[in-house]
Amino acid sequence: MNNSGSPQETVPPVEGVAGGGTAYGWDDGSLQDQSLLRGVIDPSRVPSFELVHVWCMPSTANVGPQETPRPLEPVSLLAGRNERESIQIAIRPKVSWSGSSNAGVVQIQCTDLCSTSGDRLVIGQSVTLRRVVPILGVPDALVPIDMPVSQINLLPGETTAIWVSIDVPSTQPPGQYDGEFIVTATKTDAECAAQFHDKSEKYQVYRELRNCLDVIEQIDGKPVEEVVERAKSATTTLRRVLLSPSFSDFFSENGPLDMMDEDANLCIRVKLSLTVWDFVLPTTPSLPAVIGISDTVIEDRFGVEHGTAEWYDALELHFKWLLQYKISPYFCKWGNSMRVLTYTSPWPADHPKSDEFFSDPRLAAYAVPYSPVVPCGDLAKDYLQKEVEILRSKGHWKKAYFYLWDEPLNMQQYDAIRRQASDIHAYAPDARVLTTYYSGPSDAPLAPNNFEAFLKVPGFLRPHTQIYCTSEWVIGNREDLVKDIIAEIKPENNEEWWTYVCMGPSDPHPNWHLGMRGTQHRAVMWRVWKEGGTGFLYWGANCYEKATVASAEIKFRRGLPPGDGVLFYPGEVFSSSREPVASLRLERLLSGLQDIEYLKLYSSRYGRDEGLAILEKTGMYLGPERYTMDHNPIDMMRGEIFRTCRP
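Thresholds applied
- Residues numbered from 1 in each chain as written.
- Predicted model: local features only at pLDDT ≥ 70, side-chain atom pairs only at ≥ 80, totals over all residues.
- Heavy atoms only, no water.
- Helix = DSSP H or I, 4+ residues; strand = E, 2+ residues; numbered from the N terminus.
- Core = buried A, V, L, I, M, F, W, Y, C linked by side-chain atoms within 4.5 Å.
- Buried < 20%, exposed > 50% of the residue type's maximum accessible area, 1.4 Å probe, protein only.
- Contact = heavy atoms within 4.5 Å.
- Phe/Tyr/Trp six-rings, centres within 6.5 Å; stacked < 30°, edge-to-face > 60°.
- Lys NZ or Arg CZ within 6 Å of the ring centre and 35° of its normal.
- Pairing = 2+ DSSP bridges.
- Salt bridge = Lys/Arg side-chain N within 4 Å of Asp/Glu carboxyl O.
- pLDDT = per-residue confidence, 0-100.
- Axes fitted to C-alpha atoms, helices over the stretch in contact; angles between N-to-C directions.

**Here we look at unusual backbone geometry**
- Of note, the amide linkage connecting Arg-462 to Pro-463 takes the cis form, showing an omega dihedral of 5°.
- Relative to the elements of secondary structure, Pro-463 occurs in the loop between helix H11 (457-461) and strand E21 (467-471).
- Along the chain, Asp-507 connects to Pro-508 via a cis peptide bond; the corresponding omega equals 15°.
- Along the chain, Pro-508 falls in the loop between strand E22 (496-501) and helix H14 (518-531).
- If you check the backbone angles, Lys-326 has positive phi at about 60° while not being a glycine.
- One can find Lys-326 in the loop between helix H6 (309-322) and strand E16 (328-334).

**Side note on the nonpolar core**
- Grouped together as the largest cluster of nonpolar side chains are 93 residues, with contacts concentrated most on Phe-402, Phe-574 and Ile-641.
- The element that contributes the greatest number of residues to this core is helix H15 (residues 584-606), accounting for 9 residues.
- When sequence neighbours within four positions are dropped, the list of residues in contact with Phe-402 reads Val-368, Pro-369, Leu-384, Val-388, Trp-397, Ile-424, Ala-431, Arg-432, Val-433 and Leu-434.
- Counting residues in each nonpolar core, the second largest holds 39 residues, with Val-52, Val-95, Leu-113 and Leu-121 among its members.

**Points about the environment of Gly-124**
- Tracing the backbone through its elements, the reader meets Gly-124 in the loop between strand E6 (120-121) and strand E7 (127-135).
- A relative accessible area of 42% places Gly-124 in the partly exposed class.
- For the pair Gly-124 and Asp-112, spaced 12 residues apart in sequence, the C-alpha separation works out to 8.8 Å.

**Some points on the packing of aromatic side chains**
- Counting across every chain of the model gives 24 aromatic pairs.
- When the centroid spacing of 6.5 Å and the interplanar angle of 15° are considered together, the rings of Tyr-621 and Tyr-627 count as stacked.
- Judged by its relative accessible area of 0%, Tyr-621 is buried.
- Ring-pair connections join several aromatic residues into one group, and the members of that group are Trp-311, Tyr-312, Phe-319, Trp-347 and Phe-357.
- Sitting over the ring of Tyr-325, Arg-84 keeps its end group 5.2 Å from the ring centre.
- Positioned above the aromatic ring of Tyr-598, the side-chain terminus of Arg-638 is 4.6 Å from the ring centre.

**Let's talk about the pairing of E7**
- The buried fraction of E7 is high, at 8 of 9 residues.
- Both E7 and strand E10 (residues 160-168) contribute to a ladder of 5 bridges, which runs antiparallel. Bridge pairing links Thr-128 to Ser-165 in E10.
- Sheet analysis places E7 next to strand E8 (residues 138-144), joined by 6 bridges and oriented antiparallel. The residue bridging Arg-130 from the neighbouring strand is Pro-144, located in E8.
- Where E7 hands over to E8, the hairpin turn is made up of 2 residues, of which Leu-136 adopts a positive phi near 55°.

**Overview of the side chain of Glu-85**
- Inspection of the secondary structure assignment puts Glu-85 in strand E3 (residues 83-93).
- Taking the relative accessible area as the measure of exposure, Glu-85 reaches 6% and is therefore buried.
- Excluding anything up to four places from it in sequence, Glu-85 contacts Leu-77, Leu-78, Ala-79, Val-164, Ser-165, Ile-166 and Arg-638.

**Topic: the pattern of salt bridges**
- Counting across every chain of the model gives 34 salt bridges.
- Across the salt bridge formed by Glu-495 and Arg-462, the nearest N and O atoms sit 2.6 Å from each other. You can see Glu-495 sitting in the loop between helix H13 (482-487) and E22 and its partner Arg-462 sitting in the loop between H11 and E21, a full 33 residues away along the chain.
- Under the relative-accessibility criterion, Arg-462 is labelled partly exposed at 22%.
- In this structure, Asp-480 and Arg-478 form a salt bridge, with 2.8 Å as the shortest nitrogen-oxygen distance.
- Through salt bridges that share partners, Arg-84, Arg-130, Asp-167 and Glu-587 make up one connected network.

**Observations regarding the confidence of the model for the chain**
- Residues of the chain with pLDDT of at least 70 account for 86%, and the chain-wide mean is 88.
- Note that residues 9-36 has pLDDT below 50 and, in this model, 56 contacts with residues that lie over four places away or in other chains.
- Below pLDDT 50 for its whole length, residues 249-262 participates in 8 contacts with residues either more than four positions away or in separate chains.

**Some details on the sheet that holds E8**
- The sheet built from 5 strands is open, its strands ordered E1-E3-E10-E7-E8 with antiparallel pairing. In this open sheet, the two edge strands, each paired with only one partner strand, are strand E1 (52-58) and E8. Averaged over neighbouring strand pairs, the angle between their axes works out to 30° when direction is ignored.
- Contacting E3, E7, E8 and E10, H15 crosses the sheet at an angle of about 140° to E3.

Below is the structure:
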């Protein structure tokens with residue numbers, strides 16, 4: 001990303017959002033002596049704590065522009081290996097020190113997190129920073145900013161949040177890792193830009209020295225020839241650093257000059273401490289969460305024609321980016337009457353890329369298309385048989401499923417599922433067909449009332465469906481109905497019960513609508529685990545209104561709750577980057593899936609009843625209308641599992 005030192009401006013074109021401040025005549029009234037800052041304020045001569053509030057918030061908090069300041073306290077986090085843990089740093093100006101409409105500019109910086117044994121979590125690799133940007137006035141988009149040093153504009157009377165994520169590699173040594181998040185109020189003129197650029201150059205020197213150390217540290221047990229090559233490489237790097245102006249200017253004839261001493265006295269330092277414990281979250285998620293991506297939206301918005309090289313590249317970019325969230329993406333194209341063509345790989349089964357996609361250990365499940373994704377002429381006739389025969393010979397076949405129709409409503413649609421499933425099972429009797437539904441066929445009632453008819457669907461579809469995926473909206477707050485649903489499923493026939501959310505259920509039930517509480521987003525997965533589902537489906541992650549320009553205004557689909565069907569945004573809306581921009585809700589989906597791994601570990605030691613009990617004991621989740629609104633019970637649950645399950 002551009003590291004030129006210009007303040008980060010992020011005002012996306014979003015429907016219903018005009019940008020700018022929303023508070024007028026503001027006065028935080030927090031300075032001990034306002035007279036000290038009358039007139040022109042030079043932030044290089046005033047401690048930053050006199051100019052800005054800085055405090056920390058948990059990942060479940062929705063930190064909006066009007067969030068009020070809190071005391072600044074050190075951050076202490078817990079994470080297993082192969083886990084992501086996040087925190088938010090909130091910043092709010094106390095006064096204005098710029099001559100423009102902005103309150104001022106702050107420089108933000110995060111250090112590596114280091115352990116006493118010398119291990120580290122490196123900024124830009126394991127530690128990332130993103131700015132929380134409102135969508136329709138609600139904090140949601142997480143826009144990447146420059147690392148390790150960046151500048152952002154603050155608006156008068158408004159709070160800005162920075163989302164700090166720490167990704168712990170699966171091989172990271174356990175221990176305590178400490179670092180700092182540093183906030184400094186700074187100037188906005190050309191001199192500040194020059195200073196910022198100079199610090200960026202110094203960081204480049206630091207990175208080169210780190211790379212040099214990495215080369216040398218890994219020589220144990222290496223052949224002599226390789227050791228010699230590594231030594232030569234390190235020598236070349238050191239010589240380049242020593243002769244560089246950035247490094248030599250940092251020293252005087254009398255020794256090194258500490259150019260940062262003055263800044264150190266002016267900045268605000270947030271202490272970050274992460275305990276990494278000896279629990280490795282599985283690479284393949286225990287619960288498959290299959291999430292739809294509309295290929296039509298990608299084609300329209302990015303101007304790529306179906307079946308072209310650019311189209312394949314766009315789909316691959318989205319697939320690989322989403323895997324970091326421990327979900328199993330599938331692409332979809334909607335037809336008439338909710339018929340849907342779903343596929344995880346756009347390539348045929350015999351293409352090396354398909355094997356690469358399906359074999360990825362991060363993928364828990366993949367969708368197999370019933371018909372060709374890209375028209376293949378005469379080959380279409382035997383397409384299904386050939387695809388199934390190839391996939392059944394692979395070790396990843398156990399991940400495969402067919403998703404043919406979304407929420408069938410009448411006999412014609414149910415019969416279509418039966419016919420297609422019969423075709424599939426003729427070639428692969430062990431194939432899994434997934435059907436989503438919230439009712440039985442409306443024109444052929446299966447029972448006297450709607451819920452009883454809903455319960456009869458498995459018997460009606462058997463043996464043409466193996467994964468019965470039901471709407472959480474049907475259950476509502478009646479958790480006692482779950483046992484009736486599960487009673488209709490036959491695990492001995494390899495049948496499974498999955499759930500999904502869509503437009504419903506609505507507040508206060510867990511869902512991923514924009515504006516819901518953070519714990520409400522995270523509780524979607526708590527509910528799945530407590531009810532005993534073995535998988536989860538979400539209909540769409542990029543289903544915004546049609547646009548033909550990648551950077552076009554973001555619009556949610558009319559008739560749907562805001563945010564429904566959208567879990568990430570096009571990167572081009574916020575910058576020149578093609579990489580998608582995650583939402584807070586997508587991050588909380590990931591956190592919920594990670595919580596399931598903690599609960600699964602605890603239950604493997606003490607039994608499922610105890611796993612359910614810890615949800616109630618901590619007050620984290622008791623039911624779809626009774627779950628915590630505060631983050632503390634989450635920390636209590638994780639802390640208890642850490643205490644009782646660590647080696």
